[in-house]
Amino acid sequence: MSVNRVVRLAKRPAPGLISPDIFEIRDEPMPEPAEGEFRVAIEYVSLDPAMRGWVNEGKSYVPPVGLGDVMRAFAVGRVEVSRHPDFKEGDAVAGLLGAQSHAICDGRNVQRADTSIAPLQSWIGGLGMPGWTAYFGLLRVGALKEGDTVVVSAASGAVGQIVGQIARIKGARAVGIAGGERKCRALIEEDGFDAAVDYKAGDLAADLDKACPDGIDVYFESVGGEILDAVLPRMNTFGRIAVCGLISAYNATSVPDGPKNLRYLLTSRLKMQGFIVFDFADELPVALADLSQWVSQGRLKFREDVREGGLDVFPQTLNLLFSGDNFGKLSLKV
Ligand code: NDP
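For every chain, the first residue of the written sequence is number 1, and numbering continues from 1 along that sequence. Residues qualify for local features only when their pLDDT is at least 70, as the model is predicted, and side-chain atom pairs are given and counted only at 80 or more; totals for whole chains, interfaces and linings, by contrast, use all residues. The side-chain numbers reported here are obtained from all heavy atoms of the structure, hydrogens and water having been left aside.

Before going further, it helps to spend a moment on the site of the ligand. Looking at the ligand, there are 27 residues lining it, with K183, Y199, Y250, V277 and N326 nearest. Between the ligand and A158, the relevant distance is 2.8 Å, taken from an oxygen atom to a main-chain nitrogen or oxygen of the residue. Polar contacts here mean pairs of N or O atoms no more than 3.5 Å apart (in protein, one a potential hydrogen donor and the other a potential acceptor; neighbouring residues in sequence count only if both atoms are side-chain atoms). In the environment of the ligand, an oxygen atom lies 2.8 Å from a nitrogen or oxygen atom belonging to the backbone of V159. Per-residue and other accessible areas were derived by the Shrake-Rupley procedure at a 1.4 Å probe size, with only the shown protein chains allowed to occlude residues. The fraction of the free accessible surface of the ligand (910 Å²) that becomes covered by protein chains is 91%. Going through the elements one at a time, α2 (129-141) and α9 (314-323) are the ones with two or more residues in the shell around the ligand. By convention in these notes, a residue is near a molecule or strand provided one of its non-hydrogen atoms lies within 4 Å of it. Numbering of helices and strands starts at the N terminus; helices are DSSP runs of H or I of at least 4 residues and strands are runs of E of at least 2.

Our focus in this paragraph is the domain arrangement of the chain. Considered domain by domain, the chain is made up of domain 1 (3-125 + 302-333) and domain 2 (129-278). Relative to domain 2, the C-alpha centre of domain 1 lies at a distance of 28 Å. Between domain 1 and domain 2, roughly 1,800 Å² of surface is buried when both sides are summed, and carbon and sulfur atoms account for 62% of that area. The quantity reported as buried area is the accessible area (1.4 Å probe) lost by two parts once they are put together, taken as the sum for both. The largest contributions to the domain 1 side of the interface with domain 2 come from F74, R303 and F327, which together make up 32% of the buried area. For salt bridges, the criterion is a side-chain nitrogen of Lys or Arg within 4 Å of an Asp or Glu carboxyl oxygen. Linking domain 1 with domain 2 are 2 salt bridges, by the criterion used here. At the boundary of domain 1 and domain 2, one finds 9 residue pairs in polar contact (both at pLDDT 80 or more). Looking at the side of domain 1 that touches domain 2, the element that brings in the most residues is α9, giving 3 residues. Among the residues making up the side of domain 1 that touches domain 2, the classes are represented as 11 nonpolar, 7 polar and 4 charged. How far each domain reaches was decided by an automatic or database domain assignment. When residues are grouped by polarity, Ala, Val, Leu, Ile, Met, Phe, Trp, Tyr, Cys and Pro land in nonpolar, Asp, Glu, Lys and Arg in charged, and all others, Gly among them, in polar.

To continue, consider a nonpolar patch on the surface. The patch calculation keeps residues exceeding 30% relative accessible area without a salt bridge and links them within 9 Å when they carry like charges or within 5 Å when they are nonpolar (Val, Leu, Ile, Met, Phe, Trp, Tyr). Among the surface-exposed residues, Y61, L96 and F278 lie close enough to one another that they form a single nonpolar patch of about 280 Å² accessible area. Secondary-structure assignment places L96 in the loop between β5 (92-95) and β6 (102-105).

Looking now at the pairing of strand β15 (residues 329-333). Most of β15 is tucked away: 4 of the 5 residues are buried. Being paired, for any two strands, means DSSP has found at least two bridges between them. Note that strand β3 (residues 38-46) and β15 share 3 bridges and pair antiparallel. If you follow V45 over to β15, its bridge partner there is L332. Relative to β15, strand β14 (residues 304-307) runs parallel, the two sharing 4 bridges. Its bridge partner being in β15, D305 is matched across the sheet by L330. When the strands point away from the viewer, a crossover counts as right-handed if the route from the first strand across the helix to the second turns clockwise. The handedness of the β14 to β15 crossover, carried by α9, is right-handed. Type-normalised accessible area, obtained with a 1.4 Å probe on protein chains alone, sets the label of each residue: buried when under 20%, exposed when over 50%, and partly exposed for intermediate values.

As a further point, take the pattern of salt bridges. Within this structure, the stated rule accounts for 24 salt bridges. E28 is the partner of R8 in a salt bridge, and the nearest nitrogen-oxygen pair spans 2.6 Å. Highlighted residues: R8 in strand β1 (residues 3-9) and E28 in strand β2 (residues 23-29), separated in sequence by 20 residues. Residue R8 shares its accessibility class with E28, and that shared class is buried. In this structure, R112 and D91 form a salt bridge, with 3.1 Å as the shortest nitrogen-oxygen distance. Of the two residues, R112 sits in strand β7 (residues 110-112) while D91 sits in the loop between β4 (75-82) and β5, which places them 21 residues apart along the sequence. Connected through salt bridges with shared partners, the residues R8, E24, R26 and E28 form a single ionic network.

Orientation is described by axes fitted as lines to C-alpha atoms, over the contacting stretch for helices, and by angles from 0 to 180 degrees between their N-to-C directions. The N-to-C vectors of α2 and helix α3 (residues 160-169) enclose an angle of 50°; their axes lie 8 Å apart at closest approach. Judged on the interaxial angle alone, α3 and α2 are oblique. Our pair here, α2 against α3, has a crossing hand that is right-handed. Contacts from G131, A134, Y135, L138 and L139 in α2 reach I162, V163, I166 and A167 in α3. Partitioning the contact of α2 with α3 into residue classes produces 8 nonpolar, 1 polar and no charged. Under this scheme an angle from 65 to 115 degrees is roughly perpendicular, one under 35 degrees roughly parallel, and one over 145 degrees roughly antiparallel; angles in between are oblique. Each helix crossing is assigned a hand: it is left-handed if the near helix lies turned anticlockwise from the far helix by less than a right angle, otherwise right-handed if that turn is clockwise. Residues count as neighbours in contact if any of their non-hydrogen atoms are within 4.5 Å of one another.

Once that is clear, we can look at helix α5 (residues 204-211). Residues lying three or four places apart along an α-helix face the same way, a consequence of the helix completing one turn every 3.6 residues. All of the buried residues along α5 are L204, L208 and A211. Buried residues of α5, seen end-on, are gathered within an arc of 65° and therefore sit on one face of the element. On its buried side, α5 packs onto β9 (173-178), β10 (195-198) and α6 (226-231). Note that the arc is defined by the directions from the helix axis to the C-beta atoms.

This part takes up the sheet that holds strand β13 (residues 271-274). Ordered by their spatial adjacency, 6 strands build an open sheet running β10-β9-β8-β11-β12-β13, and the pairing between neighbours is parallel. Looking at which strands have only one partner, the edges of the open sheet turn out to be β10 and β13. When the angles between neighbouring strand axes are averaged without regard to direction, this sheet yields 15°. Here β9 pairs with β10 via 4 bridges, running parallel. Bridged to A178 within β10 is D198.

A few words now on unusual backbone geometry. Positioned with a positive phi, A154 is a non-glycine residue whose angle comes to about 50°. In this fold, A154 is placed in the loop between β8 (149-153) and α3. Taking the relative accessible area as the measure of exposure, A154 reaches 35% and is therefore partly exposed. The backbone phi angle of F238 is positive, close to 65°, even though this residue is not glycine. Structurally, F238 is set in strand β12 (residues 235-243).

Shown next, in the form of structure tokens:
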């Protein structure tokens, strides 16, 4: 008898990296779709830094995952049984299907994954939530203009690699900040960034000066902490900072220090705005059309880091995001 392999949240984590035992991973009876529903056989589950926040109690932009609930996760797969008029066996769909091998769906809040444009796993990557985040964060929140210098942190990851490539497509100068020589080299040689800064090399301020001789117009912030403090003094007058994420603080065991260089918000008349990708849900078709077109034209590429081991290695794979051991969009093959 076939079963559904499911990752459920068993307990709240302590501050710091999550320990695997906060999740219970088990086999459950295969769910059957009711009239108007279909069952998806999930092929790839996305690992996202936001998951670290989703398992915490407390106020955020979405309610926490409930104790005992299936872990919230983007995933992509194919319809295997359908009692829905618009979805048939074999259709590829992506959405918040959960960290499990099979999901029941009523067709709302899923996208069709057109594998003639990009492979299945790209629909939880560059053509999925991380791609939309890069698109809206850079173009709407960052208000990118042709000729701008854009700096993006966590640049080799799921979101950052897309930010840099969109910046180049839009006629801007793209500078990526990433950890280590291998990631920085790939940004320039494979992703087309104009310059890359290795924040682990020891001289972030001087390296940023070298990479951005005309200052910074848009900073796409994914990290926070010391990187934000190094960027702030280098922002040009009326520059924009799109606060996408603050990953350096997600596993903090005490309240992190605030930015030391906030005075540049005033003296350089900067605009700094946080955003959540879902704020732009109404505009999703526009983003998908542009991203798909750039992929089809060969102007946008995706670096994907797909891990084996199935759902059983979900907890330890999630932690790779916080040690920087992922290289590109991290997902698990189910
Ligand atoms: P990535 O694929 O970029 O993986 C995370 C990367 O962050 C790691 O590879 C590592 O890269 C870097 N990193 C981890 N810890 C630190 C640290 N302490 N200091 C500096 N860098 C660190 O993840 P995503 O692209 O999925 O996410 C990037 C950011 O975007 C996150 O902050 C995430 O929360 C945010 N996000 C926000 C969304 C929104 O709607 N606002 C939606 C999606 C993502 P390296 O080796 O270079 O250090």
